[in-house]
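Summary of the model geometry
Here are the chains, one letter per residue:
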Amino acid sequence: MAFASGDRCFLIALNRVPNVGMAKVRSLLRAYGSLAAAAAVSPEDIAADCKDIGPVLAQAIVSAFRNGMAEAELARARAGHFRLLTPDEPEWPQALQELESPPLCLYCLGDVSLLRQPAVAIIGTRRASVYGMEQARKFAQRLASADVQVLSGLAEGVDSAAHEGALLAPASAAGKTIAVIGAALDRVYPESRKPLAQEIVARGGLLVSEYAFGRHADKQTFPQRNRIVAALSRQVLVAETAERGGTMITVGFARRLGRAIYAFPGRLDWPSFAGNHALIASGAARLALSPEQMLDALDGLFSKIAPNTPGESVLPAGLSEDEAQIYEAVGTEGVSLDELCRKTGLPMPQVMTLTIGLQMRRRLRPLPGGLVRRV
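Here the structure is a predicted model, which means the values were calculated and not measured.

Moving on to the overall build of the protein chain. Counting its secondary structure elements, the protein chain contains 16 helices and 12 strands. Taking 21 Å as the expected radius of gyration for a compact globule of 375 residues, we find that the protein chain reaches 23 Å, a close match to that expectation. The C-alpha extent of the protein chain, read off along each of the three principal axes, is 75 × 55 × 35 Å. Relative to all contacts within the protein chain whose residues are 6 or more apart in sequence, the contacts with residues 24 or more apart total 70%. Per element, the accessible surface of the protein chain, about 16,500 Å² overall, is 54% carbon and sulfur. Across the protein chain, 41 positive and 37 negative side-chain charges occur, with their mean positions spaced 4 Å apart.

Pasting the structure below:
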């Protein structure tokens, strides 16, 4: 569905109207061609032309269009250094358009470029075991160290462990952590996670919400949040969950979207792992054995080698000057360490250290015979 260039403010305004989602927006676009055109008609016309919009809602829509609601929201965003994204902007993650009801806009705090990079979601119960949180933290640290974005929901338990693990990755890694929040960004929930949210942004990560300023968390916001977590992910790792709950809602969205699902094994007599075991037993999830297993499945998705012209490539983000020199010298066919020393003029110990570091971050891959090549 295409939006007109002038629809941005109207989408932001509609996002503040209760009971208006993408289905209602589609009705307005079918009737009038653009939201700007819809804003020019009366509430009575909207109710007559859009069968799924009643008179009361039509009045609320027209009021939102005409009372400066979008301008006020944008002013609050500027004052708080937030960024509001709508589907007509280049930074908008196209993965969200796979949803039956994608959000009308996203409120962001941090690096919005992370939204366009494939991510792995690590999810689970708020009342997680020490084992579940330790494994979530371990996998998140390894994934982020390999330049993979780690995504979760900022809740207590598994979510927080996943964010914390990603924050343990080296500062040189391009992998960060993204928190999708079930409340407005000025109402971060739970309050106990505010320091973690602040650290995520300070370390180059991102906070995301579809909710307008002032919206508190409630029983509706979390299931809605979960569909965004599933859509933004290429893989979903279930750390620990019972057979029912928010984690399984996210898994349901992920399955419908065709995302790869992994799950940790747990003790058979622990109810908090019953969901994991059910997913694995049914074949809905793969048994998660190591971060490398998941990284191998992501090969190709996370490569940032993007030829512009034949023989020309874009360097991956986050490389030091020496790492970039090694990366450029390696090529795609395979090269020995001796050859790298000759090409770069760097001493063998330094070449070995750099190539090992680039292999750990999934930029280089070892080959038989002591050769390396780009991933």
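Let us now look at the packing of helix 15 (residues 337-344) against helix 16 (residues 348-360). Running from N to C, helix 15 and helix 16 cross one another at 110°; their axes reach a closest spacing of 10 Å. Comparing their axes, helix 16 and helix 15 come out roughly perpendicular. For the element pair helix 15 and helix 16, the recorded crossing hand is right-handed. Residues Leu-337, Asp-338, Leu-340, Cys-341 and Thr-344 of helix 15 form the contact with helix 16, whose own contacting residues are Met-348, Val-351, Met-352 and Thr-355. Of the residues contributing to the contact of helix 15 with helix 16, the split by class is six nonpolar, two polar and one charged.

Let us look at the layout of surface pockets. Computed from the structure, the largest pocket encloses a volume of approximately 530 Å³. Asn-15, Asn-19, Val-20, Tyr-211 and Arg-215 are, among the 22 residues lining the largest pocket, the residues nearest its centre. The element best represented in the lining of the largest pocket is helix 10 (residues 221-232), accounting for three residues. Class assignment of the residues belonging to the lining of the largest pocket gives a composition of 10 nonpolar, eight polar and four charged. The volume enclosed by the second largest pocket comes to roughly 420 Å³. For the second largest pocket, the lining is made up of 24 residues, of which Gly-124, Thr-125, Arg-126, Gly-246 and Thr-247 are closest to its centre. Listing elements by their share of the lining of the second largest pocket, those giving two or more residues are strand 3 (119-124), helix 10 and helix 11 (246-256).

A separate point is the sheet that holds strand 4 (residues 149-152). Pairing within the open sheet is mixed, and its nine strands lie in the order 1-2-6-5-4-3-7-8-9. Each of the sheet's edge strands pairs with one partner strand only, and the pair in question is strand 1 (83-85) and strand 9 (286-287). Relative to strand 9, strand 8 (residues 260-263) is paired through two bridges, and the arrangement is parallel. Residue pairing in the sheet places Tyr-262 in a bridge with Arg-286 of strand 9. Across the sheet, helix 8 (residues 158-167) touches strand 3, strand 4, strand 5 (177-180) and strand 7 (233-240), and the angle it forms with strand 3 is around 140°. Docked against the sheet, helix 12 (residues 274-282) engages strand 7, strand 8 and strand 9, running at close to 130° with respect to strand 7.

Side chains Leu-206 and Val-208 project from strand 6 (residues 206-209) onto one buried face, and the interleaved Leu-207 and Ser-209 project onto a second face that is buried too. Across three bridges, strand 5 lies against strand 6 in parallel orientation. Looking across to strand 6, one finds that Ala-179 is bridged to Leu-207. For the crossover from strand 5 across helix 9 (residues 194-202) to strand 6, the handedness is right-handed.

A few words now on the nonpolar core. The biggest cluster of nonpolar side chains holds 47 residues, and the ones touching the most others in it are Leu-14, Val-25, Leu-28, Ile-46 and Ile-61. Sorting the residues of this core by element identifies helix 1 (8-14), helix 2 (22-32), helix 3 (35-39), helix 5 (55-66), helix 6 (69-80) and helix 9 as the ones contributing at least two each. Sort the elements by how many residues they give to this core and helix 5 lands first, with six residues. Excluding anything up to four places from it in sequence, Val-25 contacts Phe-3, Leu-11, Leu-14, Leu-35 and Leu-104. Of all hydrophobic cores here, the second largest spans 33 residues; its members include Trp-92, Val-112, Val-251 and Leu-279.

Residues Met-352, Ile-356 and Met-360 make up a contiguous nonpolar surface patch of roughly 290 Å² in combined accessible area. Mapped onto the elements of the fold, Ile-356 is located in helix 16. For Ile-356, a relative accessible area of 46% puts it in the partly exposed group.

Cut-offs and rules
- Residues numbered from 1 in each chain as written.
- Predicted model: local features only at pLDDT ≥ 70, side-chain atom pairs only at ≥ 80, totals over all residues.
- Heavy atoms only, no water.
- Helix = DSSP H or I, 4+ residues; strand = E, 2+ residues; numbered from the N terminus.
- Rg over C-alpha atoms; globule rule 2.2 N^0.38 Å.
- Contact = heavy atoms within 4.5 Å.
- Areas by Shrake-Rupley, 256 points an atom, 1.4 Å probe, with all protein chains shown as cover.
- Lys, Arg positive; Asp, Glu negative; His and termini not counted.
- Charge placed at Lys NZ, Arg CZ, Asp CG, Glu CD.
- Axes fitted to C-alpha atoms, helices over the stretch in contact; angles between N-to-C directions.
- Parallel < 35°, antiparallel > 145°, perpendicular 65-115°, else oblique.
- Left-handed = near helix turned anticlockwise from the far one by under 90°.
- Nonpolar A, V, L, I, M, F, W, Y, C, P; charged D, E, K, R; others polar.
- 1 Å grid on protein atoms, 1.4 Å probe; cavity = no way out; pocket = protein on both sides within 12 Å on 5 of 7 lines; lining within 4 Å.
- Points joined across faces, edges and corners; volume = space filled by probe spheres on them.
- Pairing = 2+ DSSP bridges.
- Buried < 20%, exposed > 50% of the residue type's maximum accessible area, 1.4 Å probe, protein only.
- Right-handed = clockwise from strand over helix to strand, strands pointing away.
- Core = buried A, V, L, I, M, F, W, Y, C linked by side-chain atoms within 4.5 Å.
- Patch = residues over 30% accessible without salt bridge, like charges linked within 9 Å, V, L, I, M, F, W, Y side chains within 5 Å.
- Salt bridge = Lys/Arg side-chain N within 4 Å of Asp/Glu carboxyl O.

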